[in-house]
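Breakdown of the fold
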Amino acid sequence: MTRRRPLFEECDVCARLYVQPIEPLEPGLPSGGEALARFFTRDGDAVDLRRILGLAKLTGRQIDVDSWALEGVASLLRANTQRPDFLSVNVTATTLLNQEYSQHLQEVCAEPEIASRLWLEVTESESLAPVGRVLDLIGTLRQAGVRLALDDLGAGHMSLAVLRDIDADVIKIDGALIKGLARSQRAQIIVKTIVDLAHRLGAHIVAEWIETNEDLASAKELGADFGQGYLFGRPTPADRPFICQT
Ligand code: G
Ligand code: MN
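Model, not experiment: these values are computed from the prediction.

**Section: the pairing of strand 5 (residues 118-123)**
Burial analysis of strand 5 places 6 of its 6 residues in the buried class, which makes it a mostly covered element. Relative to strand 5, strand 4 (residues 86-92) runs parallel, the two being bridged by 6 bridges. Within strand 5, the position partnered with Val91 by the bridge is Val122. Sheet topology note: the strand 5/strand 6 (residues 147-153) ladder contains 4 bridges and is parallel. Residue pairing for strand 6: Leu120 is matched across the bridge by Leu148.

**Quick notes on the site of ligand 1**
Near ligand 1 there are 15 residues, and of these Gln20, Glu34, Glu208, Glu211 and Tyr230 occur at the shortest range. Contacts to ligand 1 include Gln20, whose side-chain N or O atom sits 3.0 Å from a nitrogen atom. Asp151 is positioned with one of its side-chain polar atoms (N or O) 3.2 Å from an oxygen atom of ligand 1. In the complex, 78% of the free accessible area of ligand 1, which totals 530 Å², lies under the protein chains. Taken atom by atom, the bulk of ligand 1 overlaps the largest pocket. Of all elements in the fold, only strand 2 (32-40) and strand 6 reach the threshold of two or more residues within the shell around ligand 1. Counting residues per element, the shell around ligand 1 draws most heavily on strand 2, at 3 residues.

**Regarding helix 5 (residues 99-109)**
Of all the residues in helix 5, the buried ones are Tyr101, Ser102, His104, Leu105, Val108 and Cys109. Mapping the buried residues of helix 5 onto a view down its axis gives an arc of 155°, with all of them on the same face. Elements that come into contact with the buried residues of helix 5 comprise helix 3 (63-79), strand 4, helix 4 (93-96), helix 6 (112-115), strand 5 and helix 7 (135-143). Capping the start of helix 5, Asn98 holds a side-chain oxygen 2.8 Å from the backbone nitrogen of Glu100, two or three residues further along.

Conventions and cut-offs
- Residues numbered from 1 in each chain as written.
- Chains lettered and ligands numbered in written order.
- Predicted model: local features only at pLDDT ≥ 70, side-chain atom pairs only at ≥ 80, totals over all residues.
- Heavy atoms only, no water.
- Buried < 20%, exposed > 50% of the residue type's maximum accessible area, 1.4 Å probe, protein only.
- Helix = DSSP H or I, 4+ residues; strand = E, 2+ residues; numbered from the N terminus.
- Pairing = 2+ DSSP bridges.
- Near = heavy atom within 4 Å.
- Polar contact = N/O pair within 3.5 Å; in protein donor to acceptor, adjacent residues only side chain to side chain.
- Areas by Shrake-Rupley, 256 points an atom, 1.4 Å probe, with all protein chains shown as cover.
- 1 Å grid on protein atoms, 1.4 Å probe; cavity = no way out; pocket = protein on both sides within 12 Å on 5 of 7 lines; lining within 4 Å.
- Sits in = over half its atoms within 2 Å of the grid points.
- Arc of directions from axis to C-beta.
- Contact = heavy atoms within 4.5 Å.

Dropping the structure here:
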């Protein structure tokens, strides 16, 4: 399917795909990364992602960023057949409901070597109501080998009801609960409870925002399966030349 030019490019904003490592904390688990879109003016000044998403929302073009990132991640996986083991791409539940996006996703997942290395990271900053309506799509994608990750548990709108309704492979604990973990017994109790809950539901845990060795040691001790954060690496440009040509 030919995709139309993303709105941000029409506005002379260039997007670049960055990747931040997601590292295993247990032996035998894969190592990969989360893809993150970053935006720049023609002069190279950074543009806040929220401004791009705000504009996209106002103009009904919410899928542009998610679709662009999906395309970028698929290209990266195609170009790098060995490493990383997987790449995670963000999508909101609202975008998953969009027919154009879900078709794009199904096209990408028709390639087994891509589907088996793709994590779909569902973020939801608005209403979670649509989630129930995407269960069929999620089921099909998981059968194709895609891993489903729920982003930011413990903050915003990612609620326990979502854990009940969606059979996720991975649950990401929001960084707000991980930063300073080693110094907060209360945070440790909460994180341990979430880890046990996830494991009982058959999901792996990613601890986000690990910035210090102390927090890493705590996350490991509490049973987190993967870690992500500045200690492992900041988001860095993916090696594919993603900057638009205009
Ligand atoms: O919501 P989501 O998990 O997709 O957000 C990822 C964001 O978190 C990225 O913008 C990334 O730059 C930021 N981030 C990643 N690691 C760290 C960290 O160790 N500390 C802080 N403060 N932010 C981080
Ligand atoms: Mn994310």
